[in-house]
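# Chain and residue survey
As a plain string of letters, each chain reads:
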Amino acid sequence: MIAEQYAFFPALNASLNGTSAVLLLTGRYMIARGRMAAHRLCMIAAVVASALFLSCYLYFHFRAGNILFLGQGVWRKVYFAILIPHVTLAIVIVPMVIITLNRGLRARYDRHRIIARWTFPLWMYVSVTGVMVSAVALLAACTKV
């Protein structure tokens, strides 16, 4: 059970992950159309949204402690099937985002493109599955399956 003063954090974290996903998609769209300045703004904003998510996530778990998933049956299987690769790739993606951002900001575009081809889909996956983890936890808490 989550203490009342921390109950808004799961929704906030899902919102930050969703925001990051939208910014990533928009940034990808912008660079595909040659709009480099808009791409840069979107990607920096995606990094900010993801950094805010990570800060809020760590603060929440530091203050609220370890929150057990109480869902049973199919919800439990779905939750962990999404959570395990999400957490694994979330760890992997952090240095990739830093390297990709660094290369882009330093105008090393050839090297930026090479890693961005890997960073973008993994970061999208982590952002979208972050929202899904929160949604499944909420659904499991509200239903009995």
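Per chain, residue numbering runs from 1 following the sequence as it is written. Residues qualify for local features only when their pLDDT is at least 70, as the model is predicted, and side-chain atom pairs are given and counted only at 80 or more; totals for whole chains, interfaces and linings, by contrast, use all residues. Hydrogens and waters are ignored; side-chain quantities use all the structure's heavy atoms.

In this approach, a probe sized like a water molecule rolls over the atoms, and the result shows the empty space that is left. The computed volume of the largest pocket comes to approximately 1500 Å³. Counting from the N terminus, the helices are DSSP H or I runs at least four residues long and the strands are E runs at least two residues long. Of all elements in the fold, only α1 (9–32), α2 (36–64), α3 (73–105) and α4 (109–142) reach the threshold of two or more residues within the lining of the largest pocket. Of the residues forming the lining of the largest pocket, the biggest block, 12 residues, is contributed by α3. Ten residues, namely Ala, Val, Leu, Ile, Met, Phe, Trp, Tyr, Cys and Pro, are considered nonpolar, four, namely Asp, Glu, Lys and Arg, are considered charged, and the remaining ones, Gly among them, are considered polar. The class makeup of the residues in the lining of the largest pocket is 35 nonpolar, nine polar and no charged. Along the wall of the second largest pocket there are 22 residues; nearest its centre are I31, H39, H112, R113 and A116. If you list the elements that add at least two residues to the lining of the second largest pocket, you get α1, α2, α3 and α4. In terms of residue count, α4 provides more of the lining of the second largest pocket than any other element does, nine residues in total. For the lining of the second largest pocket, the residue count by class is 13 nonpolar, five polar and four charged. We place a 1 Å grid over just the protein atoms. Points where a 1.4 Å probe fits but has no way out form a cavity, open points with protein on both sides within 12 Å along at least 5 of 7 lines form a pocket, and any residue with an atom within 4 Å of a point lines it. Grid points are joined across faces, edges and corners, and a volume is the space filled by probe spheres set on the points.

In this section: the confidence of the model for the protein. Of all residues in the protein, 97% have pLDDT values of 70 or greater, and the mean over the chain is 92. Ranking the helices and strands of the protein by mean pLDDT puts α1 first, with 96, and α4 last, with 92. The predictor attaches a confidence to each residue, and that confidence, scored 0 to 100, is pLDDT.

By the secondary structure assignment, I91 is in helix α3. Given the relative accessible area of 61%, I91 is considered exposed. Between the C-alpha atoms of I91 and A51, which are 40 residues apart in sequence, the distance is 13 Å. Classification of residues uses two cut-offs on accessible area relative to the type maximum, computed with a 1.4 Å probe and protein chains only: under 20% is buried, over 50% is exposed, and between them is partly exposed.

A separate point is a positive patch on the surface. Here, patches come from residues exposed beyond 30% relative accessible area and free of salt bridges, joined within 9 Å for like charges and within 5 Å for nonpolar side chains (Val, Leu, Ile, Met, Phe, Trp, Tyr). Note on areas: Shrake-Rupley, 1.4 Å probe, and residue coverage restricted to the protein chains presented here. Only one rule defines a salt bridge in this text: a Lys or Arg side-chain nitrogen within 4 Å of an Asp or Glu carboxyl oxygen. Asp and Glu are treated as the negative residues and Lys and Arg as the positive ones, with His and the ends of the chain left uncounted. Note on charges: their place is set at NZ of Lys, CZ of Arg, CG of Asp or CD of Glu. On the surface, R28, R33, R113 and R117 cluster together into a positively charged patch. Within the secondary structure, R33 is located in the loop between α1 and α2.

With that settled, consider the packing of α2 against α3. Each axis is a line fitted through C-alpha atoms, taken for helices only over the stretch in contact, and angles between the N-to-C directions span 0 to 180 degrees. Viewed as axis vectors pointing N to C, α2 and α3 meet at an angle of 150°, and their least axial separation amounts to 12 Å. By the angle class used here, α2 and α3 are roughly antiparallel. Crossing geometry of α2 relative to α3 is assigned as left-handed. Seen from α2, the contacting residues are R40, I44 and V47; seen from α3, they are V97, L101, G104 and L105. Of the residues in the contact of α2 with α3, the class split is five nonpolar, one polar and one charged. Oblique is the label for every angle not falling under 35 degrees (roughly parallel), over 145 degrees (roughly antiparallel), or within 65 to 115 degrees (roughly perpendicular). Crossing chirality is assigned from the near helix's rotation relative to the far helix, an anticlockwise turn below a right angle marking it left-handed and a clockwise turn marking it right-handed. Residue contacts are counted whenever heavy atoms from the two residues lie within 4.5 Å of one another.

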